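Overview (structure and organization)
Spelled out, the chains give:
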Amino acid sequence: MADVPVIKGEVAVQGDFSIAGVPGAGARIDLDYSGTAGAVTGKCLPTGNVVDKVTLESGESIEITVFDAGNLGVFAKAADLGVSCHETKQELDENQAILDRVHEIRGKAAQMIGMCKNWQDIDEVSPLLPLVILAKEPENNDEDLRVRMFLLNKCHPALAGTGSVCTSSSGAVPGTIVNQLATIASTEEYTLRIMHPQGIMPLHVASRSQTNQLWPEFLKIQYGRTARKIMSGHVYIPNVEY
């Protein structure tokens, strides 16, 4: 659902709302993704678990959370991969060892939920999903979580909108990777300020616990976007009778 500002019957475009990593400013449009829980797999926790373990080819065991809201994401602790969440996109893109481990985690998580038969085939079967988000505890009072997101086997320059939805909403489930690391006062309602390579992205989450499932009913998963006029034109229709 989109909450679009209107002035005198016209969509408002001018405004001072800005987004970290996006140039310029404009009128604020609030997007609510609460209706996208289980959008890809039908369940917010497609493995049926809050946390699972994947064993890498090196023998190393990594804890992950596979979560589906807004988009399908795989979460791991950045520290487990030697990532500080201070790295730039370029630094991570040039670190082949980290990219290889992220790719393996992505493939093995996908294999776990039946997206591919062999984890090595994930890029051919599903080039985009699942996303991989490495998370870390906040480092100051201006943020609630630090992340680096990987898409198409590269570090995202900021944080994709649906990736932020998946990240913020997963914090509402006790025990998930995000819930373990983030500063969240109450899982029923909170604003999660996510620090990514370009700055902070805040999302508001409200939920209601359900007795028959591990994840809650989401009442709101909301973040702001800027309105922008991107096209104008004319359509010419021939003055011909058929």
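To be clear, the structure that these remarks concern was listed above.
Below is a short write-up of the structure.

Definitions and cut-offs
- Residues numbered from 1 in each chain as written.
- Predicted model: local features only at pLDDT ≥ 70, side-chain atom pairs only at ≥ 80, totals over all residues.
- Heavy atoms only, no water.
- Core = buried A, V, L, I, M, F, W, Y, C linked by side-chain atoms within 4.5 Å.
- Buried < 20%, exposed > 50% of the residue type's maximum accessible area, 1.4 Å probe, protein only.
- Salt bridge = Lys/Arg side-chain N within 4 Å of Asp/Glu carboxyl O.
- Helix = DSSP H or I, 4+ residues; strand = E, 2+ residues; numbered from the N terminus.
- Phe/Tyr/Trp six-rings, centres within 6.5 Å; stacked < 30°, edge-to-face > 60°.
- Pairing = 2+ DSSP bridges.

This part is about the nonpolar core. The biggest cluster of nonpolar side chains holds 39 residues, and the ones touching the most others in it are Phe 67, Phe 75, Leu 145, Val 147, Leu 192 and Phe 218. If you look at the next biggest cluster of nonpolar residues, it comprises 22 residues, including Ile 64, Leu 92, Val 132 and Cys 155.

What follows concerns the pattern of salt bridges. Applying the stated rule across the entire model yields 11 salt bridges. Between Lys 108 and Glu 104 there is a salt bridge whose closest N-O contact spans 3.0 Å. Taken together, the positions of Lys 108 and Glu 104, both in helix H2 (residues 96-112) and four residues apart, correspond to about one turn of that helix. Glu 104 carries the same exposure label as Lys 108, and that label is buried. A salt bridge links Glu 143 to Arg 146; the shortest N-O distance between them is 2.7 Å. Comparing Glu 143 with Arg 146 shows no difference in burial state: the two are buried. Each member of the salt-bridge network shares a partner with another, and the members are Lys 136, Glu 139, Glu 143 and Arg 146.

Under the counting rule described, the total for this entry stands at one aromatic pair. Note on Tyr 33 and Tyr 223: the rings are 5.6 Å apart at their centroids and 15° apart in plane angle, and the pair reads as stacked. Of the two residues, Tyr 33 is situated in the loop between strand S6 (28-32) and strand S7 (52-55) and Tyr 223 in strand S15 (residues 217-226); the sequence distance between them amounts to 190 residues. Overall, Tyr 33 belongs to the partly exposed group, its relative accessible area being 22%. The buried category is assigned to Tyr 223, whose relative accessible area is 3%.

Glancing now at the pairing of S7. Here S7 shows a buried face lined by Asp 52 and Val 54 and an unburied face lined by Lys 53 and Thr 55. Both S7 and strand S8 (residues 61-69) contribute to a ladder of four bridges, which runs antiparallel. Looking at S8, one finds that Lys 53 is bridged to Glu 63. In this structure, the hairpin formed by S7 and S8 is closed by a connection of five residues, where Gly 59 is found at a positive phi of approximately 95°.

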